[in-house]
Amino acid sequence: MSAAPSWPEPPALIEGVRLRLRRTMPDDAATLFALLDDAEVMRYLDWPRPGSTAEVRVHLQAVDERWARGQEHQYLVMRKADGVALGTIAFRPRGHTADFGYVFGRAHWGQGYGSEAAALLTAWLQRQRVLVRLWATCDAANAASAQVLQKAGLQREALMRKAHVRPNLGGAIRDTLLFAWVHEQENPT
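Model, not experiment: these values are computed from the prediction.

Chemist: Looking at this structure, I do not really get unusual backbone geometry. What am I missing?
Modeler: Among all residues except glycine, the phi angle is most often negative; among peptide bonds, the trans geometry is most common. Phi angles above zero are rare outside glycine, and Lys 162 is one such case at about 50°. For Lys 162, the position within the fold is in strand 7 (residues 155-166).

Chemist: Sorry if this is basic, but what is going on with the side chain of Thr 176 here?
Modeler: Along the chain, Thr 176 turns up in strand 8 (residues 172-182). Engagement of the side chain of Thr 176 in a polar contact is seen with the side chain of His 164, the distance being 2.9 Å. Side chain to side chain, Thr 176 and Arg 166 meet in a polar contact 3.2 Å long.

Chemist: Can you help me understand the nonpolar core in this one?
Modeler: Core analysis: the biggest nonpolar cluster contains 32 residues, and Leu 21, Tyr 75, Val 77, Ile 89, Phe 91, Phe 100 and Leu 121 have the highest contact counts within it. Secondary-structure elements contributing two or more residues to this core are strand 2 (19-23), strand 3 (73-79), strand 4 (85-94), strand 5 (97-104), helix 4 (113-126), strand 6 (133-139), helix 5 (143-151) and strand 8. The biggest single contributor to this core is helix 4, with seven residues. The residues touching Phe 100, leaving out its near neighbours within four places in the chain, are Ile 89, Ala 90, Phe 91, Arg 92, Ala 118, Leu 121, Thr 122, Leu 134, Trp 135, Ala 136, Leu 149 and Leu 154.

Chemist: Would you mind going over the pairing of strand 6 with me for this structure?
Modeler: Every other side chain in a regular strand lies on the same face of the sheet, so the side chains alternate between the two faces. Both strand 5 and strand 6 contribute to a ladder of three bridges, which runs parallel. Across the sheet, Ala 98 pairs through a bridge with Leu 134, a residue of strand 6. Alignment of strand 6 against strand 8, held across seven bridges, turns out to be antiparallel. Of the residues in strand 8, the one forming a bridge with Ala 136 is Phe 179.

Chemist: Is there a simple way to explain the pattern of salt bridges in this structure?
Modeler: Per the counting criterion, the structure on display carries 18 salt bridges. With a closest N to O distance of 2.0 Å, Arg 166 and Asp 46 form a salt bridge. With a gap of 120 residues between them, Arg 166 in strand 7 and Asp 46 in the loop between helix 2 (39-42) and helix 3 (53-69) connect regions that are remote in the sequence. Across the salt bridge formed by Arg 166 and Asp 139, the nearest N and O atoms sit 3.0 Å from each other. Linking Arg 166 in strand 7 with Asp 139 in strand 6, this pair joins segments that are 27 residues apart in sequence.

Chemist: Got a minute to help me understand helix 5 in this structure?
Modeler: Counting along an α-helix, one turn takes 3.6 residues, and residues three or four places apart therefore face a common direction. Within the sequence span of helix 5, burial applies to Ser 145, Ala 146, Val 148 and Leu 149. Along helix 5, the residues classed as buried sweep out an arc of 155° about the axis, all on the same side. Pointing more than 90 degrees away from the buried face of helix 5 are the exposed residues Ala 143, Ala 144 and Lys 151. The inward-facing, buried residues of helix 5 abut strand 5, helix 4, strand 6 and strand 8.

Chemist: Would you take a moment to explain the packing of aromatic side chains for this structure?
Modeler: Geometrically, a pair of aromatic rings is defined through the distance of the ring centres and the angle of the planes. With the rule as written, the count across this model stands at five aromatic pairs. Ring plane angle 40° and centroid distance 6.2 Å describe the contact between Trp 7 and Phe 91, whose orientation is recorded as tilted. One end of the pair, Trp 7, is in the segment before strand 1 (13-15); the other, Phe 91, is in strand 4, and 84 residues separate them in sequence. Arranged with centres 5.5 Å apart and planes meeting at 70°, the rings of Trp 67 and Tyr 75 form a pair that is edge-to-face. You can call Trp 67 buried: its relative accessible area is 3%.

Chemist: What should I look at first to understand the sheet that holds strand 4 in this one?
Modeler: The strands that make up a sheet pair up through hydrogen bonds in the backbone, lying either parallel or antiparallel. Across the sheet, eight strands lie side by side as 1-2-3-4-5-6-8-7; this open sheet has mixed pairing. A single partner strand is all that each edge strand has here, and the edge strands are strand 1 and strand 7. Each neighbouring strand pair of the sheet contributes to a mean axis angle of 25°, computed without reference to strand direction. Across the face of the sheet, helix 4 comes into contact with strand 1, strand 2, strand 3, strand 4, strand 5, strand 6 and strand 8 while running at roughly 30° to strand 4. Here helix 5 sits on the sheet in contact with strand 5, strand 6 and strand 8, set at roughly 165° to strand 6.

Thresholds applied
- Residues numbered from 1 in each chain as written.
- Predicted model: local features only at pLDDT ≥ 70, side-chain atom pairs only at ≥ 80, totals over all residues.
- Heavy atoms only, no water.
- Helix = DSSP H or I, 4+ residues; strand = E, 2+ residues; numbered from the N terminus.
- Polar contact = N/O pair within 3.5 Å; in protein donor to acceptor, adjacent residues only side chain to side chain.
- Core = buried A, V, L, I, M, F, W, Y, C linked by side-chain atoms within 4.5 Å.
- Buried < 20%, exposed > 50% of the residue type's maximum accessible area, 1.4 Å probe, protein only.
- Contact = heavy atoms within 4.5 Å.
- Pairing = 2+ DSSP bridges.
- Salt bridge = Lys/Arg side-chain N within 4 Å of Asp/Glu carboxyl O.
- Arc of directions from axis to C-beta.
- Phe/Tyr/Trp six-rings, centres within 6.5 Å; stacked < 30°, edge-to-face > 60°.
- Axes fitted to C-alpha atoms, helices over the stretch in contact; angles between N-to-C directions.

Take a look at the structure:
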């Protein structure tokens with residue numbers, strides 16, 4: 001019986017046609033805070049709206065440590081043409097699975113950036129031999145995010161009733177959609 005493959009070190013940079021995904025660094029705190037300091041942007045997310053650049057810096061320092069341990073990999077999504085930061089996307093590998101999530105500044109919604117960033121990241125993930133299942137969730141009312149996940153090649157698997165707390169909606173426990181891509185391996189028997 002052969003050992004399961006392990007996760008490779010992810011690239012610090014992933015490039016697409018219009019976008020560049022670059023590993024986040026603590027110095028990105030002010031840039032990221034400017035994108036997240038918007039109640040509408042944070043509305044459906046699983047974590048509370050940050051209160052300061054310092055708070056975002058603490059988060060990015062923790063992400064940097066988790067990157068080194070292979071637990072979480074977060075990228076700043078930048079437009080290639082002018083280097084403007086549009087949002088962030090991250091994935092968390094766990095054994096044969098990985099989950100991912102993203103957030104974009106409101107000024108960049110509706111332009112296909114979320115779909116392109118998700119497609120870039122999922123394409124890299126799907127090439128990894130260790131990955132069998134890639135999944136993501138979104139609030140059941142977040143139709144735009146559900147569309148991004150479908151465009152990235154994930155299929156809707158479930159409506160999970162009362163599954164996630166949304167702190168930016170007053171701590172309401174809300175229904176969540178589960179999307180996934182599964183590598184259909186041939187049965188060796």
